[in-house]
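Residue-level structure breakdown
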Amino acid sequence: MSEVLLLEFSLLFFESHTMPSFDIVSEVDKHAFTNAVDQAGRVISTRFDFKGVEAKFERSELTTTMYAEAEFQLNQMEDIFRAALIKCKIDPLAMSLAEVEGAGKQVKVLITMQNGLESDLCRKIVKLIKDAKLKVQSQIQGEQVRVTGKKRDDLQRVMTMLREAELDQPLQFNNFRD
């Protein structure tokens, strides 16, 4: 009987004393991305300076291709697309543009949304956290970084520090466990 009580006590004690943690990720919501592409397409179809011009967006997964008749129109479409991304709460930093290509009498640009953290960026994040000398541990887990610490305040300082750091990709903080 005493062994059962000891086991139950130890389970309750250790479950309640898990260390707070969170994951650092960079994800783009596919549904919001689809909405942004659709919104940008509607804006193009109603704008006066695009009347009679063959300009369009084509989406597949997390990429979209912009087609237009001239390169300056692609620049305008890029601005419209950035505004649509912001309206859909997607950070435009996640967007990477390829080179302008000629396709017959049209020009096109491929836009790719960065999803997941690359290993170089993960290492940079871990280094930033270690250089801050906070009492937290960070470890790379595939395309995300897990941060654990004894105090919730230390984890919040890490989040603030990473928001202020100028990284080439937007970050989200998921699975905050207290």
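The coordinates are above.
What counts as what
- Residues numbered from 1 in each chain as written.
- Predicted model: local features only at pLDDT ≥ 70, side-chain atom pairs only at ≥ 80, totals over all residues.
- Heavy atoms only, no water.
- Helix = DSSP H or I, 4+ residues; strand = E, 2+ residues; numbered from the N terminus.
- Buried < 20%, exposed > 50% of the residue type's maximum accessible area, 1.4 Å probe, protein only.
- Phe/Tyr/Trp six-rings, centres within 6.5 Å; stacked < 30°, edge-to-face > 60°.
- 1 Å grid on protein atoms, 1.4 Å probe; cavity = no way out; pocket = protein on both sides within 12 Å on 5 of 7 lines; lining within 4 Å.
- Points joined across faces, edges and corners; volume = space filled by probe spheres on them.
- Nonpolar A, V, L, I, M, F, W, Y, C, P; charged D, E, K, R; others polar.

**Notes on unusual backbone geometry**
One non-glycine residue, Glu61, adopts positive backbone phi at about 50°. Within the secondary structure, Glu61 is located in the loop between strand S2 (56-60) and strand S3 (63-68). For Glu61, a relative accessible area of 55% translates into the label exposed.

**Description of the packing of aromatic side chains**
Following the criterion strictly, the structure yields 3 aromatic pairs and no others. For the pair Phe22 and Phe173, a centre-to-centre distance of 5.6 Å together with 80° between the ring planes defines the contact as edge-to-face. Within this pair, whereas Phe22 is found in strand S1 (residues 21-25), its partner Phe173 is found in strand S9 (residues 172-177), the two being separated by 151 residues in sequence. For Phe22, a relative accessible area of 0% gives the class buried. Ring geometry for Phe33 and Phe81: centres 6.1 Å apart, planes at 85°, overall edge-to-face.

**Here we look at the layout of surface pockets**
Considered as a void within the structure, the largest pocket measures approximately 260 Å³ in volume. Residue lining of the largest pocket: 18 residues in total, with Asp91, Gln169, Pro170, Leu171 and Gln172 positioned closest to the centre. For the lining of the largest pocket, the secondary-structure elements that each account for two or more residues are helix H5 (152-164) and S9. Looking at the lining of the largest pocket residue by residue, the class counts come to 10 nonpolar, 2 polar and 6 charged.

The quantities given are spatial measurements derived from coordinates; they are silent on function.
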